[in-house]
Amino acid sequence: MIPFNKPFLHGKELVYIAQAVATGKISGDGLFTEKCHSYFESKFGFKKALLTTSCTDALEMAAILLNIKQGDEVIAPSYTFVSTVNAFILRGAKIIFADSCKDNPNIDPDEIERLVNHKTKAIVVVHYAGIACDMDRINQIAASRNIPIIEDAAQAIDSFHNGRPLGSLGLLGAFSFHETKNIIAGEGGMLAINDEKLFQRAEIIREKGTNRSAFFRGEVDKYGWVDVGSSFLPSDITAAYLFAQLENIENIQLRRRTIWNRYLSHFSSKLIEFGVRMAEIPAFATNNAHMFYLVTNTLEERTGLISYLKKHEINAVFHYQSLHQSVFAKKTGDVRKLENCERFSDCLVRLPLYYDLTDEQVDIVANRVIEYFNK
Ligand SMILES: *Cc1c(COP(=O)(O)O)cnc(C)c1O
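Because the structure is a prediction, the values reported are computed rather than measured.

## Remarks on the overall build of the protein chain
Move 1: Of regular secondary structure, the protein chain possesses 14 helices and 12 strands.
Move 2: The C-alpha atoms of the protein chain give a radius of gyration of 21 Å, which matches the 21 Å a tight globule of 375 residues would have.
Move 3: Dimensions of the protein chain along its principal axes, counting C-alpha atoms only, are 75 × 50 × 35 Å.
Move 4: By the burial criterion, 56% of the 375 residues in the protein chain qualify as buried.
Move 5: Side chains of the protein chain carry 42 positive and 45 negative charges; the gap between the two charge centres is 2 Å.

In structure tokens form, the structure reads like this:
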């Protein structure tokens, strides 16, 4: 069976975990957490990086930092993971779902333009498959109205928009190190904070609403409860695993891109004639090879493809029920039709892509896909 995803060790993960234990401190903000923070800040230039237990938690921190409250509107794509919007729902916001672009699942800037109004308190973008949204246009819409942008960069580590790292283009960027992402730690995440004015409060929110981080740096002589907050910081064991991966990021990304390009070279001439589409990388974006997806013509065609692959011991998956059509959103009375994201919900399929996937396995998967369409 070729699984859809497989977590991997790259080298020193287990060594670093043992080292973390040997330091005598495996709770949050230990040696390896510090190493990860410095890495992210120096390599990607995030003004401040704070590890979290997940991208979900990073998004929840973002919603608290922005003081999102009852009645505020937040614009977000409908074609995304639930956490993108749950974080804001938890603060009482009303989510205004935006459709995807026609040609790719990213949020359509025209939709944002149509939906913004005086109640809009944030715009959340998702760089789907690690491929940048049209940030020039989105920034323009947001900046002229002074609305903060939150980047759900869960899939977007080490990917860029006109040379700038994703996660650094909005006010806040949320990353995931879940085992299905490029760089993994089991469960894990990070909040990139791109405005110094938010640094201190972000640390406090992450440390249960206390100024414990400042205390550990010796800036205050005792720590106490100063704000709302929760426990958003991961164990140093998680950070140790993550740091071993970060040390090898070039290698990991190179392997993923090789796999991605191998799929593409199989498909580029053979699938177009069947009307099947693949990701295109806009001139302003890079490809971090987070995902290789196909867009079929119909739901039936996709269902057939997934079961054909399953029959041949290959696990391909679809994802994202459009959130505006979810049971939860229906309860809030959202009845709009969003054509593009509904099509991606019906027709998008993801092929296996993980570090240890071999060239031979890529060929097997690609040949079975082509075989299915030729039948
Ligand atoms: C994976 C993912 C998340 C959630 O990440 P966790 O670290 O599992 O909380 C959120 N948004 C998007 C777009 C994702 O792909």
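## Thoughts on the sheet that holds strand S11 (residues 293-295)
Move 1: Taken together, the 3 strands give an open sheet; going across it, the order is S10-S11-S12, and neighbouring strands pair in antiparallel fashion. A strand with exactly one partner marks an edge of an open sheet, and here the two such strands are strand S10 (277-278) and strand S12 (348-350).
Move 2: Where S11 lies against S12, 3 bridges are found, and the strand directions are antiparallel. By the bridge assignment for S12, Tyr-293 is matched with Arg-350.
Move 3: Helix H13 (residues 339-347) contacts S11 and S12 of the sheet and is inclined by roughly 45 degrees relative to S12.

## Focus: the environment of Phe-274
Move 1: Relative to the helices and strands, Phe-274 is located in the loop between helix H10 (249-267) and S10.
Move 2: Taking the C-alpha atoms as reference points, Phe-274 and Ala-49, separated by 225 residues in sequence, lie 45 Å from one another.
Move 3: Setting aside its immediate chain neighbours within four residues, Phe-274 contacts Asn-297, Phe-373 and Asn-374.

## Looking at the sheet that holds strand S2 (residues 73-77)
Move 1: Strand order across the open sheet formed by 7 strands is S1-S9-S8-S5-S4-S2-S3, with mixed pairing between neighbours. Single-partner strands in this sheet number two, and they are strand S1 (48-52) and strand S3 (94-98). When strand polarity is set aside, the average angle formed by the axes of neighbouring strands in this sheet is 20 degrees.
Move 2: Here 5 bridges tie S1 to strand S9 (residues 189-193), and the two strands are oriented antiparallel to one another. Its bridge partner being in S9, Thr-52 is matched across the sheet by Gly-189.
Move 3: On the sheet, helix H2 (residues 31-44) packs against S1 and S9 and is oriented at approximately 140 degrees with respect to S1.

## Examining the site of the ligand
Move 1: Of all residues adjacent to the ligand, which total 15 residues, the nearest are Thr-56, Asp-152, Gln-155, Ser-176 and Lys-181.
Move 2: Contact between the ligand and Asp-152: a nitrogen atom at 2.8 Å from a side-chain N or O atom of the residue.
Move 3: A total of 390 Å² of accessible area belongs to the ligand in isolation, and the protein chains cover 93% of it.
Move 4: The residue inventory of the shell around the ligand, partitioned by class, reads 5 nonpolar, 8 polar and 2 charged.

Thresholds applied
- Residues numbered from 1 in each chain as written.
- Predicted model: local features only at pLDDT ≥ 70, side-chain atom pairs only at ≥ 80, totals over all residues.
- Heavy atoms only, no water.
- Helix = DSSP H or I, 4+ residues; strand = E, 2+ residues; numbered from the N terminus.
- Rg over C-alpha atoms; globule rule 2.2 N^0.38 Å.
- Buried < 20%, exposed > 50% of the residue type's maximum accessible area, 1.4 Å probe, protein only.
- Lys, Arg positive; Asp, Glu negative; His and termini not counted.
- Charge placed at Lys NZ, Arg CZ, Asp CG, Glu CD.
- Pairing = 2+ DSSP bridges.
- Contact = heavy atoms within 4.5 Å.
- Axes fitted to C-alpha atoms, helices over the stretch in contact; angles between N-to-C directions.
- Near = heavy atom within 4 Å.
- Polar contact = N/O pair within 3.5 Å; in protein donor to acceptor, adjacent residues only side chain to side chain.
- Areas by Shrake-Rupley, 256 points an atom, 1.4 Å probe, with all protein chains shown as cover.
- Nonpolar A, V, L, I, M, F, W, Y, C, P; charged D, E, K, R; others polar.

So far we have only geometry, and geometry alone does not tell us how the molecule works.
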